[in-house]
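A closer look at the structure
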Amino acid sequence: MMILSLAWKNIWRNKKRSLIVMTSVMLGTTAGLFTLGLTYGMVGEKLDAVVYTELSHLQIHQKTFLRHPEITKTLPHVDSIMAFLNVRAEVKTISPHIRITAMGSTSRGNTSLDLLGVDPTSEQALSNLNEHILPGSGHYLNSDEQYPILISDKTAEQLRIKTYTIKLDKTPLPLAITTKLQALNGKRFFTKKKFKRAVSNVLTEKEVSLYGPSLTQAALQYRHHAKIVFTFTDATGLLVSQLFSVCGIFKTDFSGFDEGRAFVLRKDLAKASHLPRNQIHEICVLLHQAEALPTVVQDLKTTFPDVDVQDWKALSPIGEVFSQMMGLYSLMVMGFILFALAFGIVNTMLMAILERTKELGMLMAIGMNRRRVFQLIMSETIFLTLVGAFVGMVLGAALIAITHHTGIYFSSIAEGFQEMGFAAVVYPTIGAQDFIIITLLVILTGILSAIYPARKALKLNPLEAIRTEN
Amino acid sequence: MNTIIEIKDVVKVYHSAAIQVKAVDHVNLTIQQGEFTALVGPSGSGKTTLLNLIGGLDKPSSGEIIIDHTNLNAMSAKQIVDFRLQNIGFVFQSYNLIPVFSAQENVSFIMELQHRPKKEIAKRTIEILTQVGLGDRLESRPSELSGGQQQRVAVARAIASRPTFVIADEPTANLDSKSTAQLLDLMEKMNREENITFLFSTHDKRVMDKAHRILVLEDGKIVKDEKLQS
């Protein structure tokens with residue numbers, strides 16, 4: 001017990017040095033926890049988006065539909081599959097889709113995308129896309145409307161449905177800026193690029209960075225109920241066109257998802273494409289618990305061997321790869337932190353031993369055996385590490401809790417993040433298990449780092465050590 | 001009388017690059033229990049080397065050192081450490097107390113290493129520190145004590161473990177005359193009242209005057225062994 005007391009008192013002999021080491025351990029623990037929390041937050045949000053916005057847990061298609069998506073490749077045994085899924089307790093929601101590749105055109109632009117015919121009620125239970133509708137842009141699909149369509153912000157840009165009009169009377173700006181922008185007042189731009197170019201021509205770079213965002217926000221307008229003509233091949237092989245009216249505009253964190261699709265009512269798309277009643281291309285399934293996914297997929301494959309059943313990992317392998325990459329990245333960061341920490345601890349303990357050579361020699365001379373000397377040095381290191389790790393845990397947990405609440409906005413790299421499918425705002429999170437593992441890793445690093453200095457102390461010759469002058 | 005220390009034809013040779021130095025040269029010596037012996041001689045005469053050999057801190061080049069019927073030569077390094085803990089008390093010239101421990105903790109620590117019962121440790125610590133005149137400085141750290149007081153704590157620590165004998169290497173070298181007198185009186189009192197065997201090296205005439213036996217060392221050899229009236 002007195003060895004522990006001696007160890008504790010020894011670490012406070014050089015307060016400044018001990019506090020530096022404790023601070024290093026604390027920062028290491030905090031940084032490690034926060035890095036992991038940030039990674040989990042990013043990956044968790046990405047995976048949540050993949051499942052709850054983009055794909056659901058699993059999808060069922062005709063065998064070759066995903067490789068060659070043609071209108072005629074409808075899903076067989078729809079009723080049986082629906083009946084099978086309806087009685088499974090693991091299944092939360094099912095949403096059938098019609099999916100047709102079409103060319104959309106407005107008077108000012110055109111783009112190719114997948115039209116997804118959905119039932120609003122089941123789709124809203126399956127996907128949280130309705131939460132991504134931009135304020136002021138409209139609303140989600142409504143069965144009572146005539147041929148409504150929900151398009152993405154990207155698609156709206158490509159089809160020139162978004163416009164930018166400078167209204168100086170509605171934008172609070174300094175007089176000097178208003179004067180410079182006077183020539184542009186009331187002028188309408190159909191792309192953000194052209195709008196920015198026009199503003200940059202009259203304002204300085206500094207003024208653009210200062211007033212640009214608020215000016216853009218105020219100038220942005222959506223053309224409500226804009227009409228888009230979609231042209232596609234129908235079920236009989238004929239080229240048909242159908243006019244849709246924009247009911248709302250959505251924007252998710254993954255621009256790849258946004259660019260590729262638009263949502264319409266299934267009944268409208270079935271009618272326009274002349275698909276027979278109850279013919280669909282895919283069934284999306286959301287489960288209560290992700291853990292049940294392998295079982296449900298396997299059961300479906302066994303019961304319906306002639307359809308293509310794929311879980312979200314197979315449908316979006318990039319999500320899984322990113323998840324693994326981020327895991328690896330956080331492990332590497334953690335490794336570097338622990339490595340640097342180990343060096344700091346080894347250095348400090350070697351200095352502590354060097355300074356106390358005479359005292360250690362005396363202790364060995366009066367009968368303190370090697371095991372106890374080892375115990376003493378190890379205890380000192382563990383105390384140093386424990387105090388730092390404990391404070392680091394508290395700080396790390398607090399930092400994660402605060403940022404989990406507020407979110408961290410990666411403004412400068414937001415576009416890059418969204419191209420990769422990650423949210424620009426990350427909400428760090430960490431599980432209790434990982435929290436404990438990180439803390440134990442830091443303590444283990446402390447213990448392992450103490451072995452070398454402790455072994456050095458054991459090699460001291462008491463007689464020579466007593467003769468030293470420190 | 002019981003023989004505590006028996007040294008048989010001990011030689012200690014130090015080897016440096018070019019020369020060999022015989023620090024202890026064929027020394028034969030016996031010390032009985034309860035003796036109060038001073039080892040004297042000029043610097044470099046081999047006093048400290050001989051004390052280190054007797055204390056098991058160093059090994060002889062040849063010869064035998066038998067402490068309380070146990071031959072140190074036959075012991076492993078680990079056994080010697082434990083033997084020192086149980087049988088030998090040390091008092092060093094520069095006190096060598098643990099600076100972060102109080103006087104009480106410095107004395108208790110050695111008994112804790114011996115795994116003595118807690119109650120016994122607490123009782124004996126207070127008894128001994130009171131005996132050395134520091135009953136009112138139990139909680140003082142070494143830095144709060146004078147040199148003489150620190151050396152008294154060192155003596156208390158040395159005898160707390162109930163050793164077979166106490167080795168003191170120049171115990172008064174760093175003390176003023178008053179502290180020296182107090183420390184010598186204390187050591188003599190311990191020797192007289194508790195029959196503790198003391199073997200100490202010194203240059204100090206005042207210390208020699210207190211000794212009951214004086215061993216004079218020159219060039220590693222005992223040239224004089226004088227027993228005085230106690």
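A brief look at the structure comes next. Treat the numbers as computed from the prediction; the structure is a model and nothing was measured. (Residues numbered from 1 in each chain as written. Chains lettered and ligands numbered in written order. Predicted model: local features only at pLDDT ≥ 70, side-chain atom pairs only at ≥ 80, totals over all residues. Heavy atoms only, no water.)

Looking now at the overall build of chain B. Across its full length, chain B holds 7 helices and 10 strands. For a compact globule of 230 residues, the expected C-alpha radius of gyration is about 17 Å, and chain B comes in at 17 Å, within 12% of that figure. The principal-axis extents of the C-alpha atoms in chain B amount to approximately 50 × 40 × 40 Å. Within the span of chain B, comprising 230 residues, buried residues form 58% of the whole. If you take every contact in chain B between residues at least 6 apart in sequence, the share linking residues at least 24 apart comes to 70%. As displayed, chain B has an accessible area near 9900 Å², and 48% of this comes from carbon and sulfur atoms. For chain B, the centre of its 27 positive side-chain charges and the centre of its 28 negative side-chain charges are spaced 3 Å apart. (Helix = DSSP H or I, 4+ residues; strand = E, 2+ residues; numbered from the N terminus. Rg over C-alpha atoms; globule rule 2.2 N^0.38 Å. Buried < 20%, exposed > 50% of the residue type's maximum accessible area, 1.4 Å probe, protein only. Contact = heavy atoms within 4.5 Å. Areas by Shrake-Rupley, 256 points an atom, 1.4 Å probe, with all protein chains shown as cover. Lys, Arg positive; Asp, Glu negative; His and termini not counted. Charge placed at Lys NZ, Arg CZ, Asp CG, Glu CD.)

Attention now goes to the pairing of strand β1 (residues 3-15) of chain B. All names here are of chain B. One ladder, built from 9 bridges, connects β1 with strand β2 (residues 20-32); its direction is antiparallel. Note that in β2 the partner of Y14 across the bridge is V21. As consecutive antiparallel partners, β1 and β2 are separated by 4 residues. (Pairing = 2+ DSSP bridges.)

It is a general feature of regular strands that their side chains alternate between the two faces of the sheet. Residue and element names in this part refer to chain B. Bridging between strand β9 (residues 213-218) and strand β10 (residues 221-227) involves 6 bridges; their strand directions are antiparallel. Within β10, the residue paired with R213 across the bridge is K227. Taken together, β9 and the strand that follows it, β10, pair antiparallel across an intervening segment of 2 residues, in which D219 is found at a positive phi of about 50°.

Residues and elements named next belong to chain A. Read from one edge of the open sheet, 3 strands run β6-β5-β7, paired in antiparallel fashion. With partners counted over all chains shown, the strands left at the sheet margins are β6 (188-189) and β7 (220-222), one partner each. Sheet topology places strand β5 (residues 162-165) next to β6; 2 bridges connect them, and they run antiparallel. In the sheet register, T165 faces β6, and the bridge partner there is R188.

A few words now on the interface of chain B and chain A. At the junction of the two partners, chain B supplies 25 residues and chain A supplies 23 residues. With both sides pooled, the region where chain B packs onto chain A buries about 2200 Å², and carbon together with sulfur makes up 68% of that total. In this assembly, chain B and chain A are joined by 1 salt bridge. Two residues, E105(B) and K9(A), come together in a salt bridge whose shortest N-O distance is 2.6 Å. Where chain B touches chain A, the interface holds 5 residue pairs in polar contact (both at pLDDT 80 or more). Among the secondary structure elements, those contributing two or more residues to the side of chain B that touches chain A are α2 (77-87) and α3 (103-113) of chain B. (Buried area = accessible area lost by both parts, 1.4 Å probe. Salt bridge = Lys/Arg side-chain N within 4 Å of Asp/Glu carboxyl O. Polar contact = N/O pair within 3.5 Å; in protein donor to acceptor, adjacent residues only side chain to side chain.)

This part is about unusual backbone geometry. Residue and element names in this part refer to chain B. For H69, which is not glycine, the phi torsion reads 70° and is therefore positive. H69 gets classed as exposed once you look at its relative accessible area, which sits at 62%. In the Ramachandran plot, E170 falls in the positive-phi region, its phi being about 45° despite a non-glycine side chain. As for its placement among the helices and strands, E170 is situated in the loop between β7 (165-169) and α6 (177-194). Classification of E170 by relative accessible area gives buried; the value is 11%.

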